[in-house]
Protein chains: 2
Amino acid sequence: MKHTSFLAVMIVVSVNLAGQIDNDSRPASTNVLGAQAPRVFPDGRAFFTLKAPDAKTVAVGGAFDKSPFPMSKSADGVWTVTIPAAVPGFHYYWFVLDGVQMNDPGAETYFGYGKETSGIEIPEAGVDFYAVKHVPHGEVRATWYFSKTTGDWRRCFVYTPPDYDKNQQQRYPVLILQHGAGEDETGWTKQGRMNFILDNLISEGKAKPMIVLMDRGYATRAGQQPIPVGPGAPRRNFTEGFAAFQDVVINDVIPFVDASFRTIPDRDHRAMAGLSMGGMQTLFIALHRLDTFAYIGSFSGPIIPGINTGTRQAGKSSSPQFDTKTAFDGAFAEPRQFNKRVKLLWLGVGTEEQQFRDGIRGAADALRAAGVNVTYFESPGTAHEWQTWRRDLRDFAPRLFQ
Amino acid sequence: MKHTSFLAVMIVVSVNLAGQIDNDSRPASTNVLGAQAPRVFPDGRAFFTLKAPDAKTVAVGGAFDKSPFPMSKSADGVWTVTIPAAVPGFHYYWFVLDGVQMNDPGAETYFGYGKETSGIEIPEAGVDFYAVKHVPHGEVRATWYFSKTTGDWRRCFVYTPPDYDKNQQQRYPVLILQHGAGEDETGWTKQGRMNFILDNLISEGKAKPMIVLMDRGYATRAGQQPIPVGPGAPRRNFTEGFAAFQDVVINDVIPFVDASFRTIPDRDHRAMAGLSMGGMQTLFIALHRLDTFAYIGSFSGPIIPGINTGTRQAGKSSSPQFDTKTAFDGAFAEPRQFNKRVKLLWLGVGTEEQQFRDGIRGAADALRAAGVNVTYFESPGTAHEWQTWRRDLRDFAPRLFQ
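In what follows, the accompanying structure is described. Predicted, not measured: the structure shown is a model, and the values here were computed from it.

### Focus on the interface of chain B and chain A
On the side of chain A, 81 residues touch chain B, which itself brings 81 residues to the contact. Where chain B touches chain A, the interface holds four salt bridges. E139 of chain B is the salt-bridge partner of R141 of chain A, the closest N and O atoms lying 3.1 Å from each other. Where chain B packs against chain A, one counts ten residue pairs in polar contact (both at pLDDT 80 or more). The element that contributes the greatest number of residues to the side of chain B that touches chain A is strand β12 (residues 139–147) of chain B, accounting for seven residues. Its residues placed into classes, the side of chain B that touches chain A shows 45 nonpolar, 19 polar and 17 charged.

And the structure:
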């Protein structure tokens, strides 16, 4: 803070638009302290502004229908735009200034797309299952554990339910809950508001009190270089990356949580779920380790034969179709046995996820046709986005450990 | 993630400079996962890069000596600069692109200057007191409490020392530790690495195991509008803002931590400290509430007569000088009594803090001359920056609760 006067930085930075605003918009709940923009209208439209007198073009880009939205420049060099009503929930976004992506200084940042990215919350009328309510609140604990798999200290977050510290005689089941690609272990609390969802479900008696552990879904084995998983990378790279993360989960995370928290350390009290890549990882890991997990959830986890549904046996090629007999090395081959062992197999997708819906729905249909018990959920009107996954968690968590 | 192909976002975003780098620089430890830039050289120089083919000028600005640093553009539209060796520690920074401040997509963000701001860590050779070591680690818990003062739920962070959950019979003293202006309750763990500093001190037996609570140092009373504290605001505004925060600390935070954690709930086991604005708040609050605090630390807390050292009695004007007889409504007026009551009064400043050093050193000298026991610490070669405050905590924490 050397180059700024002390008194200047004592201001809670505010974009003072008071004189210009004569409408029913309000600062977004995701804004940094005191920021008056971006603003959200009751109908879901949102107003954005950036001062950039020398820019030739500025637009709002991000996870909105029909983005980017070109902004207009006023005489004083301030660019503005009001975008059409957005789907309720959380949206990543950014400004594009003469071709360069930049964050909105008025917004909090959220780890997405492999970097810190602005976010905006569009309220959903009448919906408050992820709001901070007057109910007992759990804690979200940053904890550190040493991973033998990766050879370094890793941070994970652990949600402990309300009164965890008071109920010293009580032990709790565990849900491992994973983020998506380009996100990290902060996603489920910051974007997903999982702690408030659980607080609310638990206070209503709808979900069992449980411990929820959120880890970083990337792992590089000790002494190795990260495995490229971008476009063009061989499909086995995904399998190898997921397998390294599986070793972290099985050999490092579960022993850590069982040693450090009052868990019930058996498969009947252990669940795994994740969104998108985290859903792929969940199916990949849990379906190969039914000795460890009895509850399995994939939230918008793409079903991509040859990447995540195939065999892991070296030398065998994967089926190009989702085949319930062979998928996941035959996990579903004996449906009656599977149904007896697995207390919940839960698949979900948003109705607007054109790219994944057919694959996920198709897998659910195929499993059901083969006699596998599967719970299938569609989030109406939402795409590959956090509002889908919040709703997924609201449906999924009450089915656990009952 | 709607507008990006799934496989594309599965890449851990990387600025692949592998072909261009033929030197001893390394990606900064503060980079986002996989980002190859910014890079730090062993001598403290740092390399920055941004692709912006259409920009006319790009520079690196931030908390470095002699910033901003103009960047040079290559034929492919990539701007780069290597800046001179920076002071070790954490520095906020940003790009200035045609006059607009923007974050570096390769860096993590940190809440500073009232918004999310890029940061870079410059290692200090041979210094590891804030490193993640092979020692038992405490937890950093996000917790929520309802504030009667502000009328809303507030988040604070609570560091619990290693084995807090295992030592169910043990109770712990409490340090309330506050951030600076423009920062928030995330600062002490993200920028300050306070948990690793405490883990290391505790494992070496140098500091007593303690609970550390970090709250958001802004408070607006329920039903009121935020009080402006920018340049030109009346001085009483600062006093009013600090007084509202005092009510949060005394009436909300302390009852919360005492009810929710195994504290030793008395003044002899309670400390307050803070940096910059947090130091001002600490002196303002603790010196008026010696019934509540026995240990007091101000890290680079400006001594500004008339704002934070004067009387709080309505209608009385403040002295323009720091007067040990009248400062803080006479807290030091009876030095022998003060020394008996207060177990530690600790003032610190970096030697390069031209703007504050004389005021803080002068106050320490005046207090000592008046017979008040005061511990005064100077951090060599550092300015108004986190490396100063990390060193402060390393000196301060071992003096607590002994």
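### A word on the relation of the copies chain B and chain A
Of the transformation placing chain B onto chain A, the axial shift is 0.0 Å and the rotation is 180°, giving an RMSD of 0.0 Å. What the superposition gives is, in effect, a two-fold axis relating one chain to the other. When C-alpha positions in chain B are compared against the rotation axis, the closest is assigned to R141 of chain B, at 2.0 Å.

### Things to note about the packing of helix α3 (residues 194–203) of chain A against helix α9 (residues 386–396) of chain A
All names here are of chain A. Taken N-terminus to C-terminus, the directions of α3 and α9 make an angle of 30°; their axes are 10 Å apart at the nearest point. Compared by their axis directions, α3 and α9 come out roughly parallel. Helix-helix and strand crossings are classified by hand; for α3 and α9 the assignment is right-handed. Contacts between α3 and α9 pair M194, I197, L198 and L201 from the former with R390, L393 and R394 from the latter. Its residues assigned to classes, the contact of α3 with α9 comprises five nonpolar, no polar and two charged.

### Considerations on the sheet that holds strand β6 (residues 72–73) of chain B
All names here are of chain B. On the basis of which strands lie adjacent, the open sheet formed by five strands has the order β1-β2-β3-β7-β6 and antiparallel pairing. A single partner strand is all that each edge strand has here, and the edge strands are β1 (26–27) and β6. Bridge analysis of strand β3 (residues 46–51) against strand β7 (residues 78–83) gives six bridges, and the strand direction is antiparallel. Note that in β7 the partner of K51 across the bridge is V78.

### Concerning the packing of aromatic side chains
Taken as a whole, this structure holds 54 aromatic pairs over all chains when the rule is applied. Consider the rings of F90 of chain A and Y92 of chain A, whose centres lie 5.1 Å apart with planes at 85°: the pair is edge-to-face. Using a relative accessible area of 2% as the deciding quantity, one classes F90 of chain A as buried. The exposure class assigned to Y92 of chain A is buried, which follows from its relative accessible area of 3%. Ring centres of Y164 of chain B and Y172 of chain B lie 5.3 Å apart, and the angle between their planes is 40°; this geometry places the pair in the tilted category. Here the two residues Y164 of chain B and Y172 of chain B agree in accessibility, since each one is buried. Grouped by ring-pair contacts, the aromatic residues W188, F299, W346, F377, W386, W389 and F396 of chain A constitute a single cluster. A cation over a ring is seen here: R262 of chain A above Y164 of chain A, with NZ or CZ 4.1 Å from the ring centre.

### A look at the side chain of E124 of chain B
All names here are of chain B. Within the secondary structure, E124 sits in the loop between β11 (115–122) and β12. Looking at E124, its side chain comes within polar contact range of the side chain of Q387, at 2.8 Å. If we ignore the near neighbours within four places in the chain, the residues touching E124 are P88, Y130, Q387 and R391.

### Quick look at the sheet that holds strand β3 (residues 46–51) of chain A
One open sheet holds the five strands; their spatial order is β1-β2-β3-β7-β6 (chain A), and the pairing between them is antiparallel. Looking at strand neighbours, the two that pair on one side only are β1 (26–27) and β6 (72–73) of chain A, the edges of this open sheet.

### Concerning the pattern of salt bridges
On inspection of all chains with the given rule, the structure shows 43 salt bridges over all chains. R155 of chain A serves as the salt-bridge partner of E185 of chain A, at 3.2 Å between the closest nitrogen and oxygen. In this pair, E185 of chain A sits in the loop between β14 (174–178) and α2 (187–190) while R155 of chain A sits in strand β13 (residues 152–160), placing the two residues 30 residues apart along the sequence. Taking relative accessible area as the criterion, R155 of chain A reaches 29% and is therefore assigned partly exposed. A salt bridge links E185 of chain A to R216 of chain A, with the shortest nitrogen-to-oxygen separation between them at 2.8 Å. Taken as a pair, E185 of chain A in the loop between β14 and α2 and R216 of chain A in the loop between β15 (211–214) and α4 (235–260) lie far apart in primary sequence, 31 residues in all. Residue E185 of chain A is classed as buried on the basis of its relative accessible area, which comes to 3%. Connected via shared salt-bridge partners are E139, R141 and D165 of chain A together with E139, R141 and D165 of chain B.

### With respect to the side chain of D199 of chain B
Residue and element names in this part refer to chain B. Relative to the assigned elements, D199 resides in helix α3 (residues 194–203). No salt bridge is formed by the buried D199; the nearest opposite charge belongs to R193, separated by 9.3 Å. In this view, D199 contacts V135, P136, H137, G138, Y159 and P162; residues no more than four positions away in its chain are not counted.

### Section: helix α4 (residues 235–260) of chain B
With 26 residues, α4 of chain B extends 36 Å between its outermost C-alpha atoms, agreeing within 8% with the 38 Å of an ideal straight helix rising 1.5 Å per residue. Taken as a whole, α4 of chain B carries its principal kink of about 35° at V253 of chain B; the proline P255 of chain B stands between one and four residues after it.

### Side note on the environment of M272 of chain A
Residue and element names in this part refer to chain A. With respect to the helices, strands and loops of the structure, M272 is situated in strand β16 (residues 270–275). Measuring from C-alpha to C-alpha, the distance between M272 and I176 comes to 4.6 Å, with 96 residues separating the pair along the chain. In this structure M272 touches L175, I176, Q178, F245, Q281, T282, I285, F293, Y295, I296, G297 and F396, once residues within four positions along its chain are discounted.

### Some details on unusual backbone geometry
Residue and element names in this part refer to chain B. A cis amide bond, omega 0°, links A37 with the succeeding residue P38. Of note, P38 is situated in the loop between β1 and β2 (39–40). With omega at 5°, the peptide bond leading from S67 into P68 counts as cis. With respect to the element layout, P68 can be found in the loop between β4 (58–62) and β5 (69–70). Phi at D98 takes a positive value of approximately 45°, unusual for a residue other than glycine. Within the secondary structure layout, D98 lies in the loop between β8 (89–97) and β9 (100–102).

### What to know about α3 of chain A
By the criterion of burial, α3 of chain A is predominantly enclosed, with nine of the ten residues buried. For α3 of chain A, the set of buried residues is M194, N195, F196, I197, L198, D199, N200, L201 and I202 of chain A.

### Let's talk about a positive patch on the surface
Taken together, the side chains of K56 and K73 of chain A together with K56 and K73 of chain B define a basic patch exposed on the protein surface. Take K56 of chain B: it is sitting in the loop between β3 and β4. The class for K56 of chain B is exposed, based on a relative accessible area of 56%.

### Regarding the pairing of strand β7 (residues 78–83) of chain A
Residues and elements named next belong to chain A. Bridge analysis of β6 against β7 gives two bridges, and the strand direction is antiparallel. Paired with K73 across the bridge in β7 is W79. Remark: four residues form the turn of the hairpin made by β6 and β7, two consecutive strands paired antiparallel; G77 in that turn has positive phi of roughly 85°.

Reading the values: the criteria
Residues numbered from 1 in each chain as written. Chains lettered and ligands numbered in written order. Predicted model: local features only at pLDDT ≥ 70, side-chain atom pairs only at ≥ 80, totals over all residues. Heavy atoms only, no water. Contact = heavy atoms within 4.5 Å. Salt bridge = Lys/Arg side-chain N within 4 Å of Asp/Glu carboxyl O. Polar contact = N/O pair within 3.5 Å; in protein donor to acceptor, adjacent residues only side chain to side chain. Helix = DSSP H or I, 4+ residues; strand = E, 2+ residues; numbered from the N terminus. Nonpolar A, V, L, I, M, F, W, Y, C, P; charged D, E, K, R; others polar. Least-squares fit on C-alpha atoms with pLDDT ≥ 70 in both. Axes fitted to C-alpha atoms, helices over the stretch in contact; angles between N-to-C directions. Parallel < 35°, antiparallel > 145°, perpendicular 65-115°, else oblique. Left-handed = near helix turned anticlockwise from the far one by under 90°. Pairing = 2+ DSSP bridges. Phe/Tyr/Trp six-rings, centres within 6.5 Å; stacked < 30°, edge-to-face > 60°. Buried < 20%, exposed > 50% of the residue type's maximum accessible area, 1.4 Å probe, protein only. Lys NZ or Arg CZ within 6 Å of the ring centre and 35° of its normal. Lys, Arg positive; Asp, Glu negative; His and termini not counted. Expected span 1.5 Å × (residues − 1). Bend = angle between axes of the 7 residues up to and from the residue. Patch = residues over 30% accessible without salt bridge, like charges linked within 9 Å, V, L, I, M, F, W, Y side chains within 5 Å. Areas by Shrake-Rupley, 256 points an atom, 1.4 Å probe, with all protein chains shown as cover. Charge placed at Lys NZ, Arg CZ, Asp CG, Glu CD.

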